[in-house]
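Each chain is listed here by its residues.
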Amino acid sequence: MEPTARAFWLASPGHGEIRDVALPAPAEGEVLVRTLFSGVSRGTETLVFRGGVPESQHASMRAPFQDGDFPAPVKYGYLSVGRVEEGPASLLGRTVFCLYPHQTRYVVPVSAVTVVPDAVPASRAVLAGTVETAVNALWDAAPLIGDRIAVVGGGMVGCSVAALLACFPGVRVQLVDADPARADIARALGVDFALPEDADGERDLVVHASATEAGLTRSLELLAQEGTVLELSWYGDRRVSLSLGEAFHSRRLAVRSSQVGSVSPRARTGRTYADRLALALELLAEPAFDALITGECAFDELPHVMAKLASGSMPGLCHRVVYDV
């Protein structure tokens with residue numbers, strides 16, 4: 001009998017379910033992974049859950065191992081950590097990270113998994129995909145020693161960027177968010193915190209990750225002369241208005257996007273996506289990143305929990321899913 005696994009599917013916008021799925025036997029060059037933990041990428045996955053992916057972005061928004069098509073039914077996700085049960089001897093028993101949806105077991109090519117360093121707990125490694133996005137953002141931003149920087153938006157990506165910036169020599173970092181509860185997370189990450197109306201101005205760089213029109217507007221207001229807003233937000237099918245009058249031209253301000261799907265051209269020649277992900281996993285040896293995991297549930301609870309995450313009735317940052325082993 002063909003082996004099976006259980007996977008979380010979006011059956012229709014706003015409705016998730018657990019389904020049995022068939023597993024192929026791993027071929028040469030493949031591994032069978034039993035999942036230990038997965039993480040919900042709150043911004044992107046809740047947008048998918050609500051059916052908010054614009055038709056023009058259906059192709060570019062596909063996850064590496066997605067099944068089905070937008071808006072639904074679709075199996076979506078990309079923050080999975082598990083243990084290799086079958087495959088090359090060098091990987092047997094190793095803990096690995098993979099850009100795979102929420103599923104109890106899966107078969108993927110060896111090239112699709114990255115070994116989690118011994119210094120990084122498997123439970124924290126679910127943040128690898130988010131920290132990898134933050135790494136690419138900082139390769140794009142190229143901050144300088146002594147820069148004055150604000151990170152507007154204290155979600156998973158914004159907090160990951162702030163945590164990495166805290167390691168830069170002489171850099172003054174302020175995390176800006178409308179939720180006062182984010183102050184505790186900022187403190188754990190070693191950065192300052194401010195509400196939007198209290199944020200320090202004259203910033204050389206502002207990283208925007210709030211995915212709100214108000215956040216992007218405030219980001220421009222915080223810039224110093226010739227400063228840059230690095231836009232990390234994904235707005236899905238929502239339109240955003242931005243005033244480019246007033247001081248935008250006279251102060252020579254700039255807004256530029258950071259592409260998370262490809263390696264920044266500002267990175268060193270020869271850097272690959274695999275290099276970026278391996279670096280992200282190394283950086284996760286820092287225990288401060290545990291502050292980004294603010295909720296946890298069993299795999300079987302995921303359909304109910306995803307609905308609460310999408311509605312906003314369950315606040316927080318990364319929600320970790322725990323699997324029976």
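Our structure's up above, just so we're on the same page.
Let me begin by describing the structure that accompanies this report. Fair warning: this is a prediction, and the values are worked out from it, not measured in the lab.

Side note on the packing of aromatic side chains
Link 1 in the chain: One pass over the structure, following the stated rule, counts 5 aromatic pairs.
Link 2 in the chain: Relative to Y78, the ring of Y76 has its centre 5.9 Å away and its plane inclined at 85°; by these criteria the two rings are edge-to-face.
Link 3 in the chain: Three or more aromatic residues joined by ring pairs make a cluster, and in this case those are F65, Y100 and Y106.

Some words on the sheet that holds strand 11 (residues 172–176)
Link 1 in the chain: Across the sheet, 6 strands lie side by side as 12-11-10-13-14-15; this open sheet has parallel pairing. The two strands at the open ends of the sheet, each matched to only one other strand, are strand 12 (192–194) and strand 15 (254–257). Across the sheet, the mean angle from the axis of one strand to that of its neighbour is 25°, orientation sign disregarded.
Link 2 in the chain: Bridge count for strand 10 (residues 148–152) against strand 11 is 5 bridges, and the pairing is parallel. Of the residues in strand 11, the one forming a bridge with V151 is L175.
Link 3 in the chain: Across the face of the sheet, helix 4 (residues 182–189) comes into contact with strand 11 and strand 12 while running at roughly 160° to strand 12.

Focus: the pattern of salt bridges
Once the charged atoms of two side chains with opposite charge are near each other, the side chains can pair.
Link 1 in the chain: Scanning the entire structure with this criterion turns up 15 salt bridges.
Link 2 in the chain: Here R105 makes a salt bridge to E85, at a shortest N to O gap of 3.6 Å. One end of the pair, R105, is in strand 8 (residues 105–109); the other, E85, is in strand 6 (residues 80–86), and 20 residues separate them in sequence.
Link 3 in the chain: Here R105 falls in the buried class, since its relative accessible area comes to 17%.
Link 4 in the chain: Taking relative accessible area as the criterion, E85 reaches 33% and is therefore assigned partly exposed.

Some points on the pairing of strand 6
Link 1 in the chain: Alignment of strand 3 (residues 30–40) against strand 6, held across 6 bridges, turns out to be antiparallel. Its bridge partner lying in strand 6, S38 is registered against S80.
Link 2 in the chain: Pairing geometry for strand 6 and strand 7 (residues 95–98), over 4 bridges, is antiparallel. Opposite G82, over in strand 7, you have V96 as the bridge partner.

Let's talk about the environment of T44
Link 1 in the chain: Here T44 lies in helix 1 (residues 42–49).
Link 2 in the chain: According to the relative accessible area criterion, T44 is buried, its value standing at 18%.
Link 3 in the chain: In sequence terms T44 and E226 are 182 residues apart; their C-alpha atoms lie 31 Å from each other.

Observations concerning the nonpolar core
Link 1 in the chain: F97, L127 and V161 are the most contacted members of the largest nonpolar core, which totals 73 residues.
Link 2 in the chain: The greatest single-element share of this core, amounting to 8 residues, is contributed by helix 2 (residues 128–141).
Link 3 in the chain: Residues A150, A199, V229 and Y235 belong to the second largest nonpolar core, which totals 14 residues.

Let's talk about unusual backbone geometry
Link 1 in the chain: Going from F70 to P71, the amide bond is cis rather than trans, its omega being 0°.
Link 2 in the chain: Omega for the peptide link from A72 to P73 comes to -5°, which places this bond in the cis form.
Link 3 in the chain: The phi torsion at E202 lies on the positive side, around 55°, for a residue other than glycine.
Link 4 in the chain: The residue E202 is located in the loop between strand 12 and strand 13 (203–208) in this model.
Link 5 in the chain: Phi at R252 is positive, roughly 55°, even though this residue is not glycine.
Link 6 in the chain: Judged by relative accessible area, which is 57%, R252 ranks as exposed.

Here we look at helix 5 (residues 213–221)
Link 1 in the chain: Here helix 5 has its buried residues at G215, L216, S219 and L220. Projected onto a plane normal to the axis of helix 5, the buried residues spread over an arc of 140° and lie on a single side.
Link 2 in the chain: If you follow the buried residues of helix 5, they end up packed against strand 10, strand 13, strand 14 (223–231), helix 6 (247–250) and strand 15.

Overview of the pairing of strand 1 (residues 4–12)
Link 1 in the chain: In the sheet, strand 1 pairs with strand 2 (residues 15–22) via 8 bridges, with the strands oriented antiparallel. By the bridge assignment for strand 2, T4 is matched with A22.

Thoughts on the packing of helix 1 against helix 8 (residues 302–311)
Link 1 in the chain: At a minimum axis distance of 9 Å, the contact between helix 1 and helix 8 shows a crossing angle of 100°. Judged by the angle between their axes, helix 1 and helix 8 are roughly perpendicular. In this structure, helix 1 uses R42, E45, T46 and F49 to contact helix 8, whose residues at the interface are P303, M306, A307, L309 and A310.

Looking at the packing of helix 2 against helix 3 (residues 156–165)
Link 1 in the chain: Two elements in contact, helix 2 and helix 3, have axes whose closest approach is 8 Å; the angle formed by their N-to-C orientations is 60°. When the axes of helix 2 and helix 3 are compared, the pair comes out oblique. Once helix 2 is placed against helix 3, the crossing between them reads as right-handed. Across from T130, V131, T133, A134, V135, A137 and L138 in helix 2, the residues of helix 3 making contact are M156, V157, S160, V161, L164 and L165.
Link 2 in the chain: Class assignment of the residues belonging to the contact of helix 2 with helix 3 gives a composition of 10 nonpolar, 3 polar and no charged.

Cut-offs and rules
Residues numbered from 1 in each chain as written. Predicted model: local features only at pLDDT ≥ 70, side-chain atom pairs only at ≥ 80, totals over all residues. Heavy atoms only, no water. Phe/Tyr/Trp six-rings, centres within 6.5 Å; stacked < 30°, edge-to-face > 60°. Pairing = 2+ DSSP bridges. Helix = DSSP H or I, 4+ residues; strand = E, 2+ residues; numbered from the N terminus. Axes fitted to C-alpha atoms, helices over the stretch in contact; angles between N-to-C directions. Contact = heavy atoms within 4.5 Å. Salt bridge = Lys/Arg side-chain N within 4 Å of Asp/Glu carboxyl O. Buried < 20%, exposed > 50% of the residue type's maximum accessible area, 1.4 Å probe, protein only. Core = buried A, V, L, I, M, F, W, Y, C linked by side-chain atoms within 4.5 Å. Arc of directions from axis to C-beta. Parallel < 35°, antiparallel > 145°, perpendicular 65-115°, else oblique. Left-handed = near helix turned anticlockwise from the far one by under 90°. Nonpolar A, V, L, I, M, F, W, Y, C, P; charged D, E, K, R; others polar.

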